[in-house]
Amino acid sequence: MSRKMKLIGVTGSLLVLVIAISTVGIVFSEEYTGPKATKQDLDELRKLMKSNSIHAYIIPSNDAHQSEYIAPSDARLAFISGFTGSAGYGIVTLDDAALWTDSRYHLQAERQVDQSLWTIMKMGNVGVLTRAEWLLAALGKNSKVGFDPVLVSSTEIATLTPTMTQNNHSMVPLEKNLIDSVWKNKPQPNLTPLKPHSLEYSGRNSSSKIQSIRDELKKNQAEAIFLTALDDIAWLFNLRATDVKNTPVFYSYALVSDKIVQLYLHKNRFTKLIEDHFKAEGVKDTQIKDYLTVAKDFSTYVNSTKGRIYIPTAVNHAIYSAVPASRLVQKNLVAIMKSVKNEIEAEGMKKCHVRDGAAIVQYLHWLEENVGTRKITEMDGAVILGEFRARFEKFQSLSFTAISAVGSNAAMAHYTPSNESAKEITRNEVYLIDSGGQYLDGTTDTTRTIHLGTPSAFEKEAFTRVLKGFIAVYTSIFPSGATETYFDAVARRSLWEVGLDYGHGTGHGIGSFLAVHEYPPLFSSRPDPAFPGLIKNMFVSNEPGVYIDGKFGVRIEDVVQVVPINTQFDFNGRGSMKYDIVTMVPFQTSLMDLSLLTEEEVAWINSYHAKTLREVGDLLLKVNDVSSYNWLKEATKPIQKLTK
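Residues numbered from 1 in each chain as written. Predicted model: local features only at pLDDT ≥ 70, side-chain atom pairs only at ≥ 80, totals over all residues. Heavy atoms only, no water.

**Some thoughts on the overall build of the protein chain**
For the protein chain, the helix and strand inventory stands at 21 helices and 28 strands. Rg of the C-alpha trace for the protein chain: 25 Å, near the compact-globule value of 26 Å for 644 residues, within the 12% margin. Burial status across the protein chain gives 58% buried among its 644 residues. Element-wise, carbon and sulfur atoms account for 51% of the exposed surface of the protein chain, whose accessible area totals about 26,400 Å². Of the charged side chains in the protein chain, 69 are positive and 70 negative, and the gap between their average positions amounts to 3 Å. (Helix = DSSP H or I, 4+ residues; strand = E, 2+ residues; numbered from the N terminus. Rg over C-alpha atoms; globule rule 2.2 N^0.38 Å. Buried < 20%, exposed > 50% of the residue type's maximum accessible area, 1.4 Å probe, protein only. Areas by Shrake-Rupley, 256 points an atom, 1.4 Å probe, with all protein chains shown as cover. Lys, Arg positive; Asp, Glu negative; His and termini not counted. Charge placed at Lys NZ, Arg CZ, Asp CG, Glu CD.)

Given below as structure tokens:
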């Protein structure tokens, strides 16, 4: 059966949709199915630690490339602890074990981790020890802290080392990963075929990108740049693959100097198709090298040259330590280039969001028609939305596992439904759906919060205050190069007025058929010196929220585009910027407390809804979905401010 099969209307059978999904072979929602963490594995790890004369062992959640989302073969922290969140850090001593994670995952960690074996360290909470503080308390004199230098970041080692050495402890890099030695039947890396990403979507050939890098190196009197981030390398060479679920990247490293280009791949991945692609892209004399020899090769290159070498700020300790401090420049040069979309990429991002918006509208309509007539769980909902997306052209996969959450589950900012935890979607509780798609012409990430029944006054107030922060960011006018901390504070103002807040950042960059979280853009209360500020054609998310533990959560999220605007004084020549609408999905007006909205906010909502009806509505009519169009027409009716 074709992926483009016609469903039996948006009110068609859930069974039909599930059969369609299994037929096309796309998985839209799944729980972690790897080995369950056991005391036996923890005991085996401690035996290995003793045999290596190690008193503590560090276990990050990332892979060798410092990726946020990883393949099952790299899920070492999940294997040993049971925690599957994308941000975690474990430390095991001979007697204790602790796991650090941020507020997005506090409740998830409580559910997944055996707290008789592990202590959960809830970062951001008052009194929670840092990893350095915890190690000092847990270790005896002259202890050794072991780590895998290919996994642990240079930043982590730089943070821990001064404290450890001052207290006669030592940091010990180990050649062999101890978790891998314990992990029986460990999955192998998923090496998928490399595919060219054509100029139709990339908008710029690889040779041009390489030349831009060389120009920067020359301007800064540097020898070379070494790339470790998978999405940077995929962008540079206009290649995509599916080595990591929902992120179209491939295991690789790359080195660019004024004389050579080296691309490190696993054996047999450089095919005639990719050779022809390189010729078409003007990439000449690229050396294809063995991925498994990268550490040795890079060290040899560094020792044979004398100039300065650029590496990313997020890099493993093995790469970092290969470059003498006097020659080291840590800057996200390619990441910054990648974050500014060219005109072809920008147009693709806007077009794919129209299709994605149509899929979400179909899903929201389907929910309204079907909730209460049959049992629909959070997992079912994620699956159905994925199938609606798959019906539109250029769809490739999801961009992350959907956060489909009802009531108290929505109070966990990054909750993922499982067979054990999935609640039924009803008309009695708030429902939050955070999801995205990978399309050949762009990547999407959208969150909407709805209530299909009668929301409480508090639920309406919480939703409206989040919406006010969302609109405040959207309607900002700011100088080119504005920093992220401003928008983070603006988004929280209405919540702060009544003592509410949220524990995550307010936004992040987003890739063009690449990573759904693309750094360095990051709206946070903590300034990032590696971020040059917001400039034209950056695409970022706008996603304030609020989470009431044990009750409900609200988040609203759009992707927005930084575009120029004319102002009277133009910030003394710096240039004036604003955000343009990219995501187009209606906000549920029945969940708004209209008395809390200003006339200007009401006017903005009506304008946003008018554009959504015009563009998404036109597409729904083109695909002959009149029922969803009529639902959208009703959902986008103009509202008026009310006074209490």
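**Some points on the packing of aromatic side chains**
Going through the model one piece at a time under the given rule, you end up with 23 aromatic pairs. Both rings, one in Tyr486 and one in Phe487, keep their centres 5.0 Å apart while their planes meet at 80°; by these two values the pair is edge-to-face. Take Tyr486: its relative accessible area is 43%, and that puts it in the partly exposed class. Taking the relative accessible area as the measure of exposure, Phe487 reaches 0% and is therefore buried. Note on Trp604 and Tyr608: the rings are 5.2 Å apart at their centroids and 35° apart in plane angle, and the pair reads as tilted. Residue Trp604 and its partner Tyr608 are located together in helix α20 (residues 599–622), separated by 4 residues, close to a single helical turn. A relative accessible area of 15% means that Trp604 is categorised as buried. A connected cluster of aromatic rings, assembled from ring pairs, spans Phe226, Tyr251, Tyr253, Tyr291 and Phe298. (Phe/Tyr/Trp six-rings, centres within 6.5 Å; stacked < 30°, edge-to-face > 60°.)

**Looking at the packing of helix α15 (residues 343–370) against α20**
Put simply, α15 and α20 touch, their axes get as near as 9 Å, and they point 75° apart. One way to sum up the angle between α15 and α20 is to call them roughly perpendicular. In contact with Val354, Arg355, Gly357, Ala358, Val361 and Gln362 of α15, α20 contributes Glu615, Val616, Leu619 and Leu620. Class assignment for the residues of the contact of α15 with α20 results in 6 nonpolar, 2 polar and 2 charged. (Axes fitted to C-alpha atoms, helices over the stretch in contact; angles between N-to-C directions. Parallel < 35°, antiparallel > 145°, perpendicular 65-115°, else oblique. Contact = heavy atoms within 4.5 Å. Nonpolar A, V, L, I, M, F, W, Y, C, P; charged D, E, K, R; others polar.)

**Some remarks on the sheet that holds strand β11 (residues 261–265)**
Strands in a sheet are paired, the pairing made by backbone hydrogen bonds, and the direction either parallel or antiparallel. Here 6 strands make up an open sheet; going across it, the order is β12-β11-β10-β8-β13-β14 and the pairing mixed. Each of the sheet's edge strands pairs with one partner strand only, and the pair in question is β12 (286–290) and β14 (328–330). Between one strand axis and the next, the sheet turns through 20° on average, direction left out of account. In this structure, strand β8 (residues 222–227) lies alongside strand β10 (residues 253–257), joined through 4 bridges in antiparallel fashion. Pairing of Ala224 across the sheet is with Ser257, part of β10. Each of β8, β10 and β11 touches helix α10 (residues 230–237); the most contacted strand, β10, lies at about 55° to it. (Pairing = 2+ DSSP bridges.)

**Considering the sheet that holds strand β15 (residues 395–398)**
Pairing is antiparallel in the open sheet, where 3 strands are placed in the order β15-β18-β19. Edge positions in the open sheet fall to β15 and β19 (442–443), since each of these has one partner strand only. Two elements, β15 and strand β18 (residues 437–439), share 3 bridges in a ladder whose sense is antiparallel. Residue pairing for β18: Phe395 is matched across the bridge by Tyr439. Taken strand by strand, helix α16 (residues 378–390) contacts β15 and β18, and its axis lies near 165° from that of β15.

**What to know about the confidence of the model for the protein chain**
When pLDDT is averaged along the protein chain, the result is 92, and 93% of the positions lie at 70 or above. Every residue in residues 1–33 is under pLDDT 50, and counting partners more than four places away or in other chains gives 71 contacts. (pLDDT = per-residue confidence, 0-100.)

**Considerations on the pattern of salt bridges**
Applying the stated criterion across every chain, the model contains 31 salt bridges. Where Asp102 meets Arg104, a salt bridge forms, and the shortest distance between an N and an O atom there is 2.8 Å. Accessibility expressed as a relative area gives 16% for Arg104, which makes it buried. A salt bridge links Arg269 to Asp243, with the nearest nitrogen and oxygen atoms 2.8 Å apart. Of this pair, Arg269 sits in the loop between β11 and α11 (272–280) while Asp243 sits in the loop between β9 (239–240) and β10, placing them 26 residues apart in sequence. Like Arg269, the residue Asp243 is buried in the burial classification. Members of the salt-bridge network, linked through shared partners, are Glu461, Arg465, Arg493 and Glu497. (Salt bridge = Lys/Arg side-chain N within 4 Å of Asp/Glu carboxyl O.)

**Quick look at unusual backbone geometry**
Cis geometry is adopted by the peptide bond preceding Pro520, which originates at Tyr519 and carries an omega value of 25°. With respect to the helices and strands, Pro520 occurs in strand β23 (residues 518–523). In this structure, Asn268 is a non-glycine residue whose phi angle is positive, near 70°. Here Asn268 lies in the loop between β11 and α11. Positive phi is not limited to glycine here, since Asn572 has a value of about 55°. Along the polypeptide, Asn572 turns up in helix α19 (residues 570–573). Owing to a relative accessible area of 79%, Asn572 belongs among the exposed residues under this scheme.

**Quick notes on the nonpolar core**
In terms of nonpolar packing, the biggest core is built from 76 residues, with Tyr363, Leu367, Leu467, Leu534, Tyr579 and Met592 touching the most fellow members. For this core, the element with the most residues is α15, which contributes 9 residues. Setting aside its immediate chain neighbours within four residues, Leu367 contacts Ile425, Arg427, Tyr431, Ile450 and Leu452. (Core = buried A, V, L, I, M, F, W, Y, C linked by side-chain atoms within 4.5 Å.)

**Considerations on helix α9 (residues 206–219)**
When the terminal C-alpha atoms of α9 are compared, their 20 Å separation across 14 residues agrees well with the 20 Å that a helix rising 1.5 Å per residue should span. Restricting attention to buried positions, one finds in α9 the residues Ser206, Lys209, Ile210, Ile213 and Leu217. Buried residues in α9, looked at end-on, bunch into an arc of 100°, giving them a common side. Across α9 from its buried face, at more than 90 degrees, point the exposed residues Lys218 and Lys219. Against β8, α10, β10, β11, β13 (308–311) and α14 (333–339) lie the buried residues of α9. Where α9 terminates, the next one or two residues include Gln221, which has phi positive at roughly 50°. (Expected span 1.5 Å × (residues − 1). Arc of directions from axis to C-beta.)

**Brief notes about the environment of Phe79**
Within the fold, Phe79 resides in helix α3 (residues 76–81). What makes Phe79 buried here is its relative accessible area of 3%. Spatially, the C-alpha atoms of Phe79 and Val249 are 23 Å apart, while their sequence positions differ by 170 residues.

**Things to note about the side chain of His414**
As for its placement among the helices and strands, His414 is situated in the loop between β16 (403–406) and β17 (430–435). One polar contact links His414 to Tyr105, side chain to side chain, over a distance of 3.0 Å. When near neighbours in sequence (up to four residues on either side) are disregarded, His414 contacts Arg104, Tyr105, Gln108 and Ile403. (Polar contact = N/O pair within 3.5 Å; in protein donor to acceptor, adjacent residues only side chain to side chain.)

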